[in-house]
Structure formats: structure tokens, C-alpha cells
Amino acid sequence: MCPAGKEIRLRVLLVIPPSTLKERYGDLQEAGAVYPSMGLGFIAAVAEADGHDVRVVDSEAVPIGYEGIQEIIREFEPQVIGFQTFCANLRRCRKVARQARAINPEIIVVFGGVQATLFPEEQFSDEIVDVVVIGEGERPFSQLLNALERNQDWSGVEGIAYRNRDGSIVTTPRPPLIQDLDTLPFPALHLFPMKSYHSSAQLRGSRTLHLFTSRGCPFNCSYCSGDLIFGKSFRFRSAAKVIEDIRRMVEVYGIDGLQFYDETFTVNRKRVFELCREMRTSGLDIPWACFTRVDLVDEEILTVMRDAGCYQI
């Protein structure tokens, strides 16, 4: 919801469409994780900071079916509905979008995420999608909401694709990547059903959540599309900001375990040493896991990470 004292400008609904652990993990459903979408969390936080009234519906974490989402749309009456798309959820996103359009033909449907970024023009195969956000979404989505509120032309919004009045698809230039990640607010996890999330079976802690502390990766793995969203540059939050984020997750959400979701945690060696030093002296004592490449670690950095609480890569 819009922070106290802020004038409400637009009502924005962000939806994760219905899915089940069985669909995601098959026979390993009992071991699989259900985490809040940090991507939507950042988008929601930026929209709230701009003064908009934001709600999040996570139908993967809470069994809210399509009928339940329709009831929320009727009650909340959003002017904008947004989706984070992947190849696995695209059809479900389109189904919710069609239902929203049936309830309110004037609602603005926005697709973002990996699938929309990979194939922006394909999203306009019918009349359901109004706008596609391409790449890193915070700036484009913020600019789009401001343009909608002021009834301005969308051509001035960076990093989007949309259908022009003559039916042609317009794609605007992408904005520069956000260089100072400390300027981003903490993800709006207060909008998510936090009690409904759980980590995968191999992680330590009875209450483990995940956290992004960096964006981008300089490598070019054939199976990864991460650089399409966050680029090949490596940008990171300061060690002090990361400690602040972890402390918030401990104090507000009661975590006793952490998984860093950075694509390649050890790209910047100096930064890893600094962060591990801060984690050792912070008094938080949180066990954590991360992701990286085998050619970006050695005995020295692994020892430092272990001493700071890392138990799994």
C-alpha cells in the first residue's frame, strides 16, 4: 500500500499467476523453494516511493486461483496491472491479463521480465498487452506510471515497447543501467505473503530467504539470459547497505539463514573480502549460500567466505 502521508496517484496491481509446486518441481515438490519475487519487490518499492498505491498477488505462494484474482481486481480496481514474465508462466500471465481486461477494458497491461525482454514484439500478438518493459525495469516502470498519470505520450518513456495508434510497434531506447544500486529502496516485501515462503531442502535455517546484492555478470554462458536484463557490467550494493538489508530481514522477517541470489557472487574479489569482513563484525551470525563460477574462487577466498558464514556454493 502507499506509504502513510503520501498522496495516492495510481492503483497498481502486480500479479504472479497461479502455479503449483508440483508444476515447478515435479516429484521433488517437497524439496523445492518458494521465494518472493525480488524483481517485483524492487518494482513495487519504487512505485510506492513515487506515491502510487501498490498491491502484490502471489498466487504461487498462496492458493489464490483465477477467480480469486478476479475478485481482487474488482475490489482494488487497479488502473495498471503488471506481470514478470518467464517462458514457463507466459500463458498464465496472459490469462490473468485477459480476465483483468474483461473486468475493466481501460486497464493498462504491462509485461516485463526475461520473456518479454527476449521477445518484446511477440507480446503484441493480440490486444491484451499494452506495454512491454525491456531490461532493468525500475526506471521504465516509474516513467510509465508518471506518463499515465499525466496523460502524456509514451514515446518519452525509456526502455519500453508499445503499439502505436497506427498499429505499429514502437520501441524506445533503453535507459542507462542503474550504477549506484544503493539508491534503490529495499524490496517491498511487506506487500508479499511472507509467512507462505520457504527455502529448498538443502539450505540451512528454519527461516531462510534470499537477497540480491549485485546485478550483472561479465560472462557469456550459453544457457543464461541474465545479461539481457542486467547487462554484462557488474554493479553491487555497498557492504554497509547489504548489512543493513540483512539486519532488516532478521529483525522484520525473522530469518536465520540466507541465500545470496547474485548471478556470480565472487566476480569482484575485493568486494567479497569487504562484505565478508562486515558480516563477521556485524554480530548477525547468519549462515549463507551463494552462486558463482569455479574459476572465480580459490582457497583464500573460500576460507574468508567460510569464516563469514558461507556453507554452500
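### Remarks on the pattern of salt bridges
Here's step 1: Applying the stated criterion across every chain yields a total of 14 salt bridges.
Here's step 2: Between R55 and E75 there is a salt bridge; the shortest N-O distance is 2.6 Å. You can see R55 sitting in strand 2 (residues 53-58) and its partner E75 sitting in helix 3 (residues 66-76), a full 20 residues away along the chain.
Here's step 3: What makes R55 partly exposed here is its relative accessible area of 24%.
Here's step 4: A network of salt bridges, in which partner residues are shared, links E136, E138, R215 and R235.

### Quick look at the side chain of R207
Here's step 1: Structurally, the position occupied by R207 is in the loop between strand 7 (169-171) and strand 8 (208-211).
Here's step 2: As a buried residue without a salt bridge, R207 has its nearest oppositely charged side chain in D256, at a separation of 7.4 Å.
Here's step 3: Of the polar contacts made by the side chain of R207, one reaches the backbone oxygen of Y197; its length is 3.1 Å.
Here's step 4: Here the side chain of R207 touches Y253 through a polar contact of 3.4 Å, landing on its backbone oxygen.
Here's step 5: Once residues within four sequence positions are removed from consideration, R207 is found in contact with M194, K195, Y197, Y253, G254, I255, D256 and G257.

### Things to note about the side chain of R101
Here's step 1: Among the structural elements, R101 can be located in helix 4 (residues 90-103).
Here's step 2: Among the polar contacts listed, one links the side chain of R101 to the backbone oxygen of I128, at a separation of 3.1 Å.
Here's step 3: There is a polar contact of 2.6 Å between the side chain of R101 and the side chain of D130.
Here's step 4: Here R101 is in contact with I107, V109, E127, I128 and D130, once residues within four sequence places are set aside.

### Digging into the pairing of strand 1 (residues 11-16)
Here's step 1: Most of strand 1 sits out of view: five of its six residues are buried.
Here's step 2: Here six bridges tie strand 1 to strand 2, and the two strands are oriented parallel to one another. The residue of strand 2 that forms the bridge with L13 is R55.
Here's step 3: In the sheet, strand 1 pairs with strand 3 (residues 80-84) via four bridges, with the strands oriented parallel. Each bridged residue has a counterpart across the sheet, and for V12 the counterpart in strand 3 is V80.

### Observations concerning the sheet that holds strand 7
Here's step 1: An order of 2-1-3-4-5-6-7 is seen for the seven strands of this open sheet, with the pairing classed as mixed. On the outer flanks of this sheet lie strand 2 and strand 7, each paired with one strand and no other. For this sheet, the mean inter-axis angle between neighbouring strands, taken without regard to orientation, is 20°.
Here's step 2: Bridge count for strand 5 (residues 131-133) against strand 6 (residues 160-163) is three bridges, and the pairing is antiparallel. Opposite V132, over in strand 6, you have A161 as the bridge partner.

### Notes on the sheet that holds strand 11 (residues 257-260)
Here's step 1: With parallel pairing, four strands are arranged side by side in an open sheet as 8-11-12-13. Strands with a single pairing partner mark the edges of an open sheet, and in this sheet they are strand 8 and strand 13 (310-312).
Here's step 2: Examined bridge by bridge, strand 11 and strand 12 (residues 288-289) share two bridges and lie parallel to one another. The residue bridging L258 from the neighbouring strand is W288, located in strand 12.

Conventions we followed
Residues numbered from 1 in each chain as written. Predicted model: local features only at pLDDT ≥ 70, side-chain atom pairs only at ≥ 80, totals over all residues. Heavy atoms only, no water. Salt bridge = Lys/Arg side-chain N within 4 Å of Asp/Glu carboxyl O. Helix = DSSP H or I, 4+ residues; strand = E, 2+ residues; numbered from the N terminus. Buried < 20%, exposed > 50% of the residue type's maximum accessible area, 1.4 Å probe, protein only. Lys, Arg positive; Asp, Glu negative; His and termini not counted. Polar contact = N/O pair within 3.5 Å; in protein donor to acceptor, adjacent residues only side chain to side chain. Contact = heavy atoms within 4.5 Å. Pairing = 2+ DSSP bridges. Axes fitted to C-alpha atoms, helices over the stretch in contact; angles between N-to-C directions.

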